[in-house]
Amino acid sequence: MGSPATPPPPPGSRPPGRAPSAGPYGDGPYGVGPYGDGPYGDSPYGSGHRSPGRHPTGRHGAGQHGAGPDSAGPYGGSQATGPYAAPRPPGVPPVGPSSDDERPTGGFRRALGGLTTRGRSFVAAGVAAAACSYVLGQSDLLRVGLLLAALPLVCVAVLYRTRYRVAGSRRLAPSRVPAMSEARVHLRVDNVSRMPTGLLMLQDRVPYVLGPRPRFVLDRVEPGGHREVSYRVRSDLRGRYPLGPLQLRLTDPFGMVELTRSFSAFDTLTVVPKVEPLPPVRLAGESSGYGESRTRALSLAGDDDVIPRGYRHGDDLRRVHWRSTAKYGELMVRREEQPNRARCTVLLDTRRDAYFGAGPDSAFEWAVSGAASVTTHMLERGFAVRLLTDTGSSVPGPEGTSGYGGDSSDMAGLLLDTLAVVDHSDGDTLAAAYDVLRSANEGLLVGFFGDLYQEQAATIARMRQRAGGAVAFVLDSDDWLARELGARPGPELSAVQPGVDGAEPDSTERAVRMLREAGWNVVEVQPGAALPELWQQADRYRSREETQAAQAHQAPRGAGAAG
């Protein structure tokens, strides 16, 4: 017995299996995003995948934004379908209304909204001429009025029904730049339809801090051809800045109508803090070789202390551990010598009350740039580096999970990306950072601090006990603010933290003395000071302290010999 016949769907209902519309304009070619999946392409904020209603052989840009399954191209960025979809090839089932007869009139009404001042003037003049011809009884004037009114409407219809298909892509070179440096943005527009385009006006959206919006006028693009343009962006402030979406404006030869459509591809430009090269100096808490990997030979340990691993093709048979082989029932070999990398923790003080002023020349930006320079320098010297803030957040991760970083190049990018978006914190203590420093062997600890008071200085002094060596760069915001205001620091510019007992105009100087008494190597940062010189100054302080300690150690021995 055959299956029961499926009743026909009621008029106006959706055929079975068709996905519901996700756009604000209902079903049809405008069903996905503001412009839908029909002749107006994707939403400006939609995905970059190929929609079911588009030509399956269309070209897509491939790259970091993730394109559809047909993506290919050297420029990267998701495929952003152009303002007009290509006609559906024969044999491909339609998805949603695709014929011209089924096209709703809402799209054409929106296209009428693209009439320019010239086009609207022609329509108004045509209507006025038609009205005058009716009043005056002049048939020739009616013909003139109809011609004036019809010309803009014909331009709208031609531009609306012309089935361009344009693909756009964007490439950044490079995508991560230091502050006060330039990056170049390359734009490429491909005509993947079978007919040439008209005059195209291209505009890319960029944040205000990167410069004015770039605008380009592209000549007629032949079928299968492409056009490439580029522009430069520059920012004095670090951060992450979105680029896009790319906007394409089409116009008719008479200038009667302009239609603007947006692509869906976005890119992100990361402006990282400025990194200054530092000289190779020797600081307390470093391992031999200035951060180079030290090795611990497992062969020197007892036979029971060896940690074996499974045999791999190419392993030397002389390294086979026979006792473990007999225990596990498979061939086991001794592990190779394991590297023991020297550690370095960079502590950045981000308290809002510790810094005054704003802008690229402020004290806080100098501290962020200094932290970026030190992390990059220590990674280049072979250290395992961790970035820690006063809030207790740690990069690459909390101790005990991911701990210190692995590959130097990837870790440098991660740390710089983190410092590119770091901002002030609302806390007033460094207790959270002190709790993170739990290990008794932190290696080298380098800190960048703003204004310090007795409570914060006491917390930082206790951190010295958990590190092999400690260097502190202290910035007095009074001096930096006085430089910004063009005045000499005085009592009226003294930073007094509200609600803290014992806060005095010289609280930072007292904090510096407390840190030095606790064993910190403290370097006071003056406005406009260069970090490489201060880095060498920290080495001179260490050498002087070692000399004084040696003299103090030899003094009792000399007194005993004289007695």
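Residues numbered from 1 in each chain as written. Predicted model: local features only at pLDDT ≥ 70, side-chain atom pairs only at ≥ 80, totals over all residues. Heavy atoms only, no water.

Another point: the sheet that holds strand β10 (residues 267-272). Pairing is mixed in the open sheet, where three strands are placed in the order β2-β10-β7. A strand with exactly one partner marks an edge of an open sheet, and here the two such strands are β2 (176-178) and β7 (239-243). Here the average twist between neighbouring strands, direction ignored, is 25 degrees. Here β7 pairs with β10 via five bridges, running antiparallel. (Pairing = 2+ DSSP bridges. Helix = DSSP H or I, 4+ residues; strand = E, 2+ residues; numbered from the N terminus. Axes fitted to C-alpha atoms, helices over the stretch in contact; angles between N-to-C directions.)

The next point concerns the packing of helix α2 (residues 117-136) against helix α3 (residues 139-161). Packing of α2 against α3 leaves a shortest axis separation of 7 Å and a crossing angle of 160 degrees. When the interaxial angle is binned, α2 and α3 end up roughly antiparallel. The hand of the α2/α3 crossing is left-handed. Here Gly 119, Phe 122, Val 123, Ala 125, Gly 126, Ala 129, Ala 130, Cys 132 and Ser 133 of α2 lie close against α3, whose contacting residues are Leu 141, Leu 142, Gly 145, Leu 148, Ala 149, Leu 151 and Pro 152. In the contact of α2 with α3, the residues fall into 12 nonpolar, four polar and no charged. (Parallel < 35°, antiparallel > 145°, perpendicular 65-115°, else oblique. Left-handed = near helix turned anticlockwise from the far one by under 90°. Contact = heavy atoms within 4.5 Å. Nonpolar A, V, L, I, M, F, W, Y, C, P; charged D, E, K, R; others polar.)

A residue-level look at the protein finds 64% of positions with pLDDT of 70 or above and a mean pLDDT of 74. Averaged pLDDT values for the elements of the protein fall to 40 in strand β11 (residues 294-296) and rise to 96 in β10. Here residues 1-104 is a poorly scored stretch, pLDDT under 50, and it has 207 contacts once near neighbours within four places are set aside; other chains count. Note on residues 287-305: pLDDT under 50 across the span, and 36 contacts to partners over four residues away in sequence or across chains. (pLDDT = per-residue confidence, 0-100.)

The grouping of Tyr 311, Leu 317, Trp 322 and Leu 331 at the surface amounts to a nonpolar patch, some 440 Å² of accessible area in total. Tracing the chain through its elements places Leu 331 in the loop between α4 (322-328) and β13 (332-334). On the accessibility criterion, Leu 331 (32% relative accessible area) is partly exposed. (Patch = residues over 30% accessible without salt bridge, like charges linked within 9 Å, V, L, I, M, F, W, Y side chains within 5 Å. Areas by Shrake-Rupley, 256 points an atom, 1.4 Å probe, with all protein chains shown as cover. Salt bridge = Lys/Arg side-chain N within 4 Å of Asp/Glu carboxyl O. Buried < 20%, exposed > 50% of the residue type's maximum accessible area, 1.4 Å probe, protein only.)

Looking now at the pattern of salt bridges. Tallied over the full model, the rule gives 13 salt bridges. Arg 351 is the partner of Asp 349 in a salt bridge, and the nearest nitrogen-oxygen pair spans 2.8 Å. One exposure class covers both Asp 349 and Arg 351, and it is buried. Among the charged side chains, a salt-bridge network with shared partners connects Arg 170, Asp 204 and Asp 267.

For the rest of this paragraph, the subject is the pairing of strand β19 (residues 469-475). Within β19, seven of the seven residues are buried, which leaves it mostly tucked inside the rest of the structure. The alternating pattern of β19 places Gly 469, Val 471, Phe 473 and Leu 475 on one face and Ala 470, Ala 472 and Val 474 on the opposite face, and all of these are buried. Where strand β18 (residues 444-449) and β19 come together, six bridges link them in parallel fashion. The residue of β19 that forms the bridge with Val 446 is Val 471. After leaving β18, the chain enters helix α8 (residues 454-463) and then returns to the sheet as β19, a path that is right-handed. Two elements, β19 and strand β20 (residues 521-525), share five bridges in a ladder whose sense is parallel. (Right-handed = clockwise from strand over helix to strand, strands pointing away.)

Enumeration over the complete set of coordinates arrives at seven aromatic pairs. Each ring, one from Phe 216 and one from Tyr 231, has its centre 6.3 Å from the other, and the planes form 40 degrees; the classification is tilted. On the criterion of sequence distance, the pair formed by Phe 216 in strand β5 (residues 215-218) and Tyr 231 in strand β6 (residues 226-235) is long-range, its members being 15 residues apart. Take Phe 216 and Tyr 231: they sit in the same class, and that class is buried. With centroids separated by 5.2 Å and ring planes inclined at 65 degrees, the aromatic side chains of Tyr 355 and Phe 364 adopt a geometry described as edge-to-face. Here Tyr 355 and Phe 364 have matching classes, each one buried. If you follow Arg 462 out to its NZ or CZ, it ends over the ring of Tyr 434, 5.0 Å from the centre. (Phe/Tyr/Trp six-rings, centres within 6.5 Å; stacked < 30°, edge-to-face > 60°. Lys NZ or Arg CZ within 6 Å of the ring centre and 35° of its normal.)

Running from N to C, helix α5 (residues 363-380) and helix α6 (residues 408-420) point in directions that differ by 175 degrees, and their axes come no closer than 10 Å. Looking at the two axes, α5 sits roughly antiparallel to α6. Between α5, through Val 368, Ala 371, Ala 372, Thr 375, Thr 376 and Leu 379, and α6, the contact on the second element is made entirely by Ser 408, Met 411, Ala 412, Leu 415, Leu 416 and Leu 419. In terms of residue class, the contact of α5 with α6 is made up of nine nonpolar, three polar and no charged.

Bringing the environment of Arg 120 into the picture now. By the secondary structure assignment, Arg 120 is in helix α2. The partly exposed category is assigned to Arg 120, whose relative accessible area is 45%. If sequence neighbours within four positions are ignored, Arg 120 has contacts with Leu 112, Gly 113 and Leu 115.

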